[in-house]
Amino acid sequence: MRAGILSALTLALAACGGQSDTPTDETQPGDTLPTGKSLVQARMIVDANGFSGRDGAPVRFGTAREEVDAKASEIFPDGPIKSEQDECGAGPMEFSKYGPVDLAFLDGRFAGWFLRPGKDVATSDGIAPGLTTLDALKSERQVQELDTTLDGEFQYTTADYGTITGFADPDGSISGLSAGITCFFR
């Protein structure tokens, strides 16, 4: 019993550890996926169907913007930077930016997300732009490089069989990820 409590306490303390803003060898792009570290440090977990906070309660595509912004503001208390784009392929879209993630809304409903390098957000697979290379992702997941007008575009199958799209820089580092409806001009 005592050993179990000590193990649980050790895991809880590890999960609460802070993240330095200064990159270390552990946070540099590498040849392996940083799954455990990314997920422990992430305040928001994005996936092919939406996102969740550390409490695990999912917010799925199709949810009303007010509910999505309320949940995201619990995770990122500084609140969103809001914007809109009238000329998207799916129609006019609105956006709420929280840290490194933009949440996209179509007709007042959560429709997609875009994640750029930064801290506090990772995919449910532990993938985080700026910390993962395309080669490392290919070694763990089914990846398809796409022939579009957007350089370095690819998509991969997540562990739960969803699809996430991404972008890789010429050096192979993943520079962005997205799911759902986006406003990229191809």
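A short note on the sheet that holds strand β11 (residues 163-168)
So, point 1. Strand order in the open sheet formed by eight strands is β4-β5-β6-β7-β12-β11-β10-β9, and the pairing between neighbours is antiparallel. For this open sheet the edge positions go to β4 (81-85) and β9 (143-145), each flanked by a neighbour on one side alone. Within the sheet, the average angular offset between the axes of one strand and its neighbour, ignoring direction, is 25°.
So, point 2. As judged from the six bridges shared by strand β6 (residues 101-106) and strand β7 (residues 109-115), these two strands associate in the antiparallel manner. Within the sheet, the bridge partner assigned to L106 lies in β7 and is R109.

Considerations on the nonpolar core
So, point 1. Of all hydrophobic cores here, the largest spans 27 residues; its most connected members are M44, F51, V101, L103 and W113.
So, point 2. Dropping the residues within four chain positions of it, V101 is found in contact with M44, V46, S96, W113, F114, L115, R116 and V121.
So, point 3. In terms of nonpolar packing, the next biggest core, distinct from the first, is built from seven residues, M93, A104, L106 and A111 among them.

Quick notes on the sheet that holds strand β2 (residues 50-53)
So, point 1. If you walk across this open sheet you meet the four strands as β3-β2-β1-β8, and the pairing is mixed. This sheet does not close on itself; its edge strands, each paired only once, are β3 (58-60) and β8 (121-123). Mean inter-strand twist for the sheet, computed between neighbouring axes without regard to direction, equals 25°.
So, point 2. Sheet analysis places β2 next to β3, joined by three bridges and oriented antiparallel. Across the sheet, residue S52 finds its bridge partner in β3, namely P58.
So, point 3. On the sheet, helix α3 (residues 65-75) packs against β1 (44-47), β2 and β3 and is oriented at approximately 40° with respect to β2.

Details of the pattern of salt bridges
So, point 1. Applying the stated rule across the entire model yields 10 salt bridges.
So, point 2. Across the pair R43 and D120 runs a salt bridge, and its minimum N-O distance is 3.4 Å. Of this pair, R43 sits in the loop between α2 (35-41) and β1 while D120 sits in the loop between β7 and β8; the two residues are 77 residues apart in sequence, bridging distant segments of the chain.
So, point 3. Looking at D120, the relative accessible area reads 16%, which means it is buried.
So, point 4. Its salt-bridge partner being R141, residue D125 comes within 3.4 Å of it at the nearest N-O pair. Here D125, found in the loop between β8 and α4 (134-140), pairs with R141, found in the loop between α4 and β9; they are 16 residues apart in sequence, far enough to count as distant.

Cut-offs and rules
Starting from 1, residues in each chain are numbered consecutively following that chain's sequence as written. Only residues with pLDDT of 70 or above have their local features reported here, since the model is predicted, and side-chain atom pairs are shown and tallied only from 80 upward, although totals for entire chains, interfaces and linings are computed over all residues. By convention in this description, side-chain values take in all heavy atoms of the structure and omit both hydrogens and water. Any two strands between which DSSP finds at least two bridges are classified as paired. Put simply, DSSP H or I for four residues or longer makes a helix, DSSP E for two residues or longer makes a strand, and each gets a number counted from the N terminus. For helices, the axis comes from a line fit to the C-alpha atoms of the stretch in contact; other axes are also lines fit to C-alpha atoms, and the angle between any two N-to-C directions lies between 0 and 180 degrees. Think of a nonpolar core as a cluster: buried Ala, Val, Leu, Ile, Met, Phe, Trp, Tyr and Cys residues, connected wherever their side-chain atoms sit within 4.5 Å. Burial here depends on accessible area, computed with a 1.4 Å probe over protein chains only, as a share of the maximum for the residue type. Under 20% is buried, over 50% is exposed, and the range in between is partly exposed. The contact definition used throughout considers only heavy atoms, calling two residues in contact when any of these lie within 4.5 Å. By salt bridge we mean one thing: a side-chain nitrogen of Lys or Arg within 4 Å of a carboxyl oxygen of Asp or Glu.

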